[in-house]
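# Close look at the chain arrangement
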Amino acid sequence: MASSNLRQLQAAPNKMQLKKERRMFSTSDDSAMMKQVQSTHAPDGREIDVKPLIQIVDEILIQVIARSVEGHEHVKKEQETLETAVALAEFDMLDALAFIINKISCELSCKCSGGGDAHASTMVLLNYLSSYSWHAKVVLALAAFAVIFGEFWLVAQSSASNTLAKSVALLKQLPDIVENSVSLRPQFDALNKLVKAALDVTMCIVEFKELPSEYISEDVPPMSVASAHIPIATYWVIRSIVACASQIASLIGMRNEAMSSASEAWELSSLAHKVASIYEHLKNQLALCYQYIDEKRHIEAFHNLIRLFETVHVDNMKIMRALIYAKDDIPPLIDGTSKLRVSLEVLRRKHVLLLISDLDISQEEIMILDNLYKDARSRGETYYEMVWIPVVDKATWNEVNKQKFEYLQSSMPWFSVRDPFIIEPSVIKYIKEVWNFTKRAILVALDPQGRLSSQNALHMIWIWGNLAFPFTSEKEESLWKQEIWSLELLVDGIDPAVLDWMTEGKIICLYGGEDLEWIETFTKTAMNLARTSNFDLEMVYVGKSNAKERMQRMITTFNSKRFSYFFPNVTSIWFFWARLESMLYSKLQHGKTVENDKIMSEVMTVLSFDGSDRGWAIFCRGPSEMARAKGDTALTSLRDFDKWKHNIEQDGWVPALNDYIKEIQQPHHCNRLILPGSTGGIPQKVVCAECGRQMEKYFMYRCCVE
């Protein structure tokens, strides 16, 4: 049965993997050896807890190696010695294993003292250990060698200060370690290297045995790949032990012979190299196993998180702990106001907004959220807490990103996660796959019981601010029912001066773009027309979206040339366009289309204007009179004022302009609409703002918003 299982495990890796491993493990001799090794394996099903034993063996071998390197100055810490004693006292199975350990030790001492065939000695030991599992074989063999190795060094090193040890050393004719340290150094160095390599492989084999079977089984790679090679790895560990025991035996009777065998040292070094190669391969497979286990655990935690959000809770603490930090050992949050570490208890039974972003969240977003957060806290009736959850890649984490994280954290008045890596990978997976986070920040709203109020409340809070509290879909729908397409909707919360002009009955022109020649011509034409025709006109430059650096240069130009009134900072310009994008995605989430929703149609028109190379303009009067046109059409309409001014008295200034714009619009035109694909759903159908035909869809990849 065991041979059959082993053959199945060997068949599991694919051909390329097997070729690679044959180069590492197999020579023509190893193939025959594998059959011999397998023939000795007849486990009787007994289970041995080897951890206490391997701990004792590890401490013996490491201490001996250290003594051989450092001499009498090396002293083991008292605490470590105590831990070994405790492990030994608690190891109930040691009595049962003492016989086999002693038997192997005797075999090593007797057979190795006369040289002999190392392979034959190894096979004898494997036959002694036939009824044990692979990991138990290597641990028991290593324990037997540890007895020999430990006794040798205890006698050899204590002989200078202990009369009993000196007498034993004389009888064994052990060499004086101190006197012959130079001549024996190559042998001891090679011996120590081989012992360390054998110990490493043993630890690795034991670690494979301890992998959780509920997450990985022996019939799936990478576990099956490792399992196929553990038998031959076991052989080479035991063969290394035989070689080391032979080296120790060769030192007996050398008290008066200061001799060094270069050939012996070379043989040990060659064997150490082979065993080290086996270790590297097993270690790599072990890393792949842990990766496989982590993925399984993350998937399990991911599904647990899904179930948790489907369950009703009395408060939000289970959700908060699952999303942020489940343990109680450290306070996981930083209070943005006091900068102190705080526990998740500060969020209990409160409305919580989770601000989820990478480290590229803009200062404009932080500034606007800062104002809204402080406004909510001052009012009291829309009270909520906010927590920043940074999504960062561990692979690219460096000192620059660390400083960037700390700077962003220090600029936020709300709570933030103290360390981005306390967030579990399963939570990041949930954030990306369920809440659709990609690049742009999202604001997930949770109610006091931890239920999802909004998967992304950022659109609501940009449009209506804290009026959107508690950020539910129902609240969003009710707010839209109160809105019409108007100047107030366009600029609300950005610049109060514009709304003051509206209440005063002035004609207001919002315009944008970055063509300076068109801007200068258009503003001069409009201002001259207002002066000569005696009507109140206020012009407001609102810039262009996603062009922060260029807009800063435009602001500098407007300050010097005084074209017209303008939004005085890039934050206001950014917010104007962010609100328009938010209106579009909010409408999309509620299933609206350009055919059945006027606001959505007008928003897409303005966004398509922004995508053009030239300027554009919207003329408004009062809350609802609006006329809009692309740059050349808007400029031509003003120049042709005499052709439509006769309609003003009957229709009004803005309606008369609107009629003329429709009259002169060119049938041939090119409109484009650029939408950030990471903000939300992309509309399947977009119609042209001028002719109403469906626009073609293209993909654009852009690495820089400038």
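Here is what the cut-offs are and how they apply
Within each chain, residue numbers correspond to sequence positions counted from 1 in written order. Given that the model is predicted, a residue must reach a pLDDT of at least 70 before its local features are reported, and side-chain atom pairs must reach 80 or more before they are shown or counted; all residues, however, enter totals for whole chains, interfaces and linings. Water and hydrogen atoms were dropped before computing side-chain values, which therefore reflect all heavy atoms in the structure. Numbering of helices and strands runs from the N terminus, with a helix taken as a DSSP run of H or I at least four residues long and a strand as a DSSP run of E at least two residues long. Type-normalised accessible area, obtained with a 1.4 Å probe on protein chains alone, sets the label of each residue: buried when under 20%, exposed when over 50%, and partly exposed for intermediate values. The contact definition used throughout considers only heavy atoms, calling two residues in contact when any of these lie within 4.5 Å. Axis lines are fitted to C-alpha atoms, over the contacting stretch for helices. Their N-to-C directions set the angle, which ranges from 0 to 180 degrees. Any angle that is under 35 degrees is reported as roughly parallel, and any over 145 degrees as roughly antiparallel; angles of 65 to 115 degrees are reported as roughly perpendicular and all others as oblique. In this scheme the crossing of two helices becomes right-handed for a clockwise turn of the near helix relative to the far one and left-handed for an anticlockwise turn of less than a right angle. Three residue categories are used. Nonpolar comprises Ala, Val, Leu, Ile, Met, Phe, Trp, Tyr, Cys and Pro, charged comprises Asp, Glu, Lys and Arg, and polar comprises the others, including Gly. For the purposes of this section, nonpolar cores are sets of buried Ala, Val, Leu, Ile, Met, Phe, Trp, Tyr and Cys residues that join through side-chain atoms within 4.5 Å. What makes two strands pair is DSSP finding at least two bridges between them. In what follows, salt bridge is the name for a side-chain nitrogen of Lys or Arg lying within 4 Å of a carboxyl oxygen of Asp or Glu. Here the arc refers to the set of directions running from the helix axis out to each C-beta atom.

## Topic: the overall build of the chain
The helix and strand tally for the chain stands at 28 helices and 12 strands. Here the chain holds 706 residues, and the buried ones make up 50% of them. Of the contacts made within the chain by residues no fewer than 6 positions apart, 74% connect residues no fewer than 24 positions apart.

## Brief notes about the packing of helix 23 (residues 570-589) against helix 24 (residues 598-610)
Contact geometry for helix 23 and helix 24: axes closest at 10 Å, N-to-C directions at 140°. The angle between helix 23 and helix 24 places the two elements in the oblique class. Relative to helix 24, the crossing made by helix 23 is left-handed. Counting all contacts with helix 23, which are made through Trp 577, Leu 580, Glu 581, Met 583, Leu 584, Lys 587 and Leu 588, the residues of helix 24 involved are Ile 599, Met 600, Val 603, Met 604, Val 606, Leu 607 and Asp 610. Looking at the contact of helix 23 with helix 24 residue by residue, the classes come out as 11 nonpolar, no polar and three charged.

## A few points about the nonpolar core
Tyr 511 and Phe 522 are the most contacted members of the largest nonpolar core, which has 102 residues in total. By residue number, the principal contributor to this core is helix 23, which donates nine residues. Filtering out sequence-adjacent residues up to four positions away, Phe 522 remains in contact with Cys 509, Tyr 511, Met 539, Ala 617, Phe 619, Ala 634, Leu 635 and Leu 638. Membership of the second largest hydrophobic core comes to 79 residues, among which are Ile 65, Leu 125, Ala 198 and Cys 204.

## A few points about the sheet that holds strand 10 (residues 565-566)
Pairing in this open sheet of five strands is mixed, and the strands run 10-9-8-11-12 from one edge to the other. For this open sheet the edge positions go to strand 10 and strand 12 (625-630), each flanked by a neighbour on one side alone. Inspection of the sheet shows strand 11 (residues 616-621) paired to strand 12 by six bridges, in the antiparallel sense. By the bridge assignment for strand 12, Arg 621 is matched with Glu 625. Here helix 24 sits on the sheet in contact with strand 9 (537-543), strand 11 and strand 12, set at roughly 35° to strand 12.

## Here's the deal with the sheet that holds strand 7 (residues 452-454)
Taken in spatial order, the seven strands make up an open sheet running 2-1-5-4-3-6-7, and their pairing is mixed. Bordering the open sheet on either side are strand 2 (341-342) and strand 7, each of which pairs with just one other strand. Where strand 6 (residues 442-446) meets strand 7, two bridges bridge the pair, whose relative direction is antiparallel. Within strand 7, the residue paired with Leu 446 across the bridge is Leu 452. Across the face of the sheet, helix 14 (residues 363-379) comes into contact with strand 3 (352-357), strand 4 (385-390) and strand 6 while running at roughly 150° to strand 4. In the packing of helix 15 (residues 399-410) onto the sheet, the strands contacted are strand 1 (333-334), strand 4 and strand 5 (415-417), and the crossing angle to strand 4 comes to about 175°.

## Notes on the pattern of salt bridges
All told, the structure shown has 29 salt bridges when counted by the stated rule. Note that Arg 321 is salt-bridged to Asp 328, the shortest N-O span being 2.9 Å. For Arg 321, a relative accessible area of 31% gives the class partly exposed. Its salt-bridge partner being Arg 614, residue Asp 515 comes within 3.0 Å of it at the nearest N-O pair. Here Asp 515 is found in the loop between strand 8 (507-512) and helix 21 (516-533), whereas its partner Arg 614 is found in the loop between helix 24 and strand 11, with 99 residues between them in sequence. One continuous salt-bridge network, built from bridges that share partners, spans Asp 358, Asp 360, Lys 404 and Lys 439.

## Details of the packing of helix 14 against helix 23
In contact at an axis separation of 10 Å, helix 14 and helix 23 are set at 85° when each is read in the N-to-C sense. One way to sum up the angle between helix 14 and helix 23 is to call them roughly perpendicular. Residue-level contacts link Glu 364, Glu 365, Met 367 and Ile 368 of helix 14 to Val 570, Thr 571, Trp 574 and Phe 575 of helix 23. Of the residues belonging to the contact of helix 14 with helix 23, the class tally is five nonpolar, one polar and two charged.

## Focus on the pairing of strand 8
Counting buried positions along strand 8 gives six out of six residues, so the element sits mostly inside the fold. Both faces of strand 8 are covered, namely the face carrying Ile 507, Cys 509 and Tyr 511 and the face carrying Ile 508, Leu 510 and Gly 512. Of the pairings in the sheet, the one linking strand 8 to strand 9 comprises six bridges and is parallel in character. In the strand pairing of strand 9, Leu 510 is matched with Val 540. Here six bridges tie strand 8 to strand 11, and the two strands are oriented antiparallel to one another.

## Notes on helix 18 (residues 473-481)
Listing the buried residues of helix 18 in full gives Glu 476, Leu 479 and Trp 480. Along helix 18, the residues classed as buried sweep out an arc of 100° about the axis, all on the same side. Opposite the buried face of helix 18, by more than 90 degrees, sit the exposed residues Glu 474 and Lys 481. Contacts made by the buried residues of helix 18 are with helix 17 (458-464), helix 19 (487-491), helix 23 and helix 24.

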